[in-house]
Amino acid sequence: QVQLVESGGGLVQPGGSLRLSCAASGSIFSIYHMAWYRQAPGKQRELVATLTSSGITKYADSVKDRFTISRDNAKKMAHLQMNSLKPEDTAVYYCNAGIMSGPASDTRWYWGQGTQVTVSS
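For the structure given in this document, a descriptive report is provided here. Source: prediction; values computed, not measured.

Some details on the nonpolar core
Next up, step 1: In terms of nonpolar packing, the biggest core is built from 31 residues, with Trp36, Leu80, Met82 and Tyr93 touching the most fellow members.
Next up, step 2: Every element with two or more residues in this core is listed here: β1 (2-7), β3 (18-26), β4 (30-39), β5 (46-52), β7 (67-72), β8 (77-82), β9 (91-100) and β11 (115-119).
Next up, step 3: The leading source of residues in this core is β9, at 5 residues.
Next up, step 4: Those residues in contact with Met82, other than ones at most four positions away along the chain, are Gly16, Ser17, Leu18, Leu20, Arg66, Phe67, Tyr93 and Val117.

See the structure below:
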């Protein structure tokens, strides 16, 4: 069984910064792809940033030049550094990862439970 656990959310003033972390644990052979999504109240879940195992990143236009996704393969962790936060960044942020449990297994996709980020003065 694989688990993803997010941390680092909280309340921050506009213009502030937060660093989210996602820790993967369990039966993990390889982590192919890690990503962050967010869901604001009354809205659909949206992609924020992705990072493949080869280092290719992709960001939503709304967070480009403000957010940075990174990963620590040895620790099986991903991070999302969020700078210049705006009230519209308020949402529950979810970690998503494509994980192989064995050398011959298929890649399965997992979600964390989410962490709340609130940007308000």
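Overview of the sheet that holds β3
Strand-to-strand pairing in sheets goes through backbone hydrogen bonds, with the strands running parallel or antiparallel.
Next up, step 1: Strand order in the open sheet formed by 4 strands is β1-β3-β8-β7, with antiparallel pairing between adjacent strands. Taken across any chain shown, the strands that pair with only one partner, and hence form the sheet edges, are β1 and β7. Recorded for the sheet is a direction-independent mean angle of 15 degrees between the axes of neighbouring strands.
Next up, step 2: The pairing of β3 with β8 spans 6 bridges and is antiparallel. Each residue of the ladder has a partner; that of Leu18, found in β8, is Met82.

Comments concerning the packing of aromatic side chains
Next up, step 1: This model, assessed by the stated rule, comprises 3 aromatic pairs.
Next up, step 2: Taking 6.4 Å as the distance between ring centres and 85 degrees as the angle between the ring planes, the aromatic pair formed by Tyr94 and Trp111 counts as edge-to-face. Here Tyr94, found in strand β9, pairs with Trp111, found in strand β10 (residues 107-111); they are 17 residues apart in sequence, far enough to count as distant.
Next up, step 3: We classify Tyr94 as buried; its relative accessible area is 14%.

Some points on the pairing of β4
Next up, step 1: Where β4 meets β9, 9 bridges bridge the pair, whose relative direction is antiparallel. If you follow Ala35 over to β9, its bridge partner there is Asn96.
Next up, step 2: Pairing of β4 with β5, which is carried by 6 bridges, proceeds in the antiparallel orientation. From the neighbouring strand, Ala35 faces β5, where its bridge partner is Thr50.
Next up, step 3: Count of turn residues in the β4/β5 antiparallel hairpin: 6 residues, of which Gly42 carries a positive phi of about 75 degrees.

Regarding unusual backbone geometry
Next up, step 1: One non-glycine residue, Asp65, lies in positive phi territory at about 70 degrees.
Next up, step 2: You can see Asp65 is positioned in the loop between β6 (57-59) and β7.
Next up, step 3: Take Asp65: its relative accessible area is 83%, and that puts it in the exposed class.
Next up, step 4: Even without a glycine there, the phi angle at Lys76 is positive, about 55 degrees.
Next up, step 5: Summarising the element assignment, Lys76 is placed in the loop between β7 and β8.

Procedures and definitions
- Residues numbered from 1 in each chain as written.
- Predicted model: local features only at pLDDT ≥ 70, side-chain atom pairs only at ≥ 80, totals over all residues.
- Heavy atoms only, no water.
- Core = buried A, V, L, I, M, F, W, Y, C linked by side-chain atoms within 4.5 Å.
- Buried < 20%, exposed > 50% of the residue type's maximum accessible area, 1.4 Å probe, protein only.
- Helix = DSSP H or I, 4+ residues; strand = E, 2+ residues; numbered from the N terminus.
- Contact = heavy atoms within 4.5 Å.
- Pairing = 2+ DSSP bridges.
- Axes fitted to C-alpha atoms, helices over the stretch in contact; angles between N-to-C directions.
- Phe/Tyr/Trp six-rings, centres within 6.5 Å; stacked < 30°, edge-to-face > 60°.

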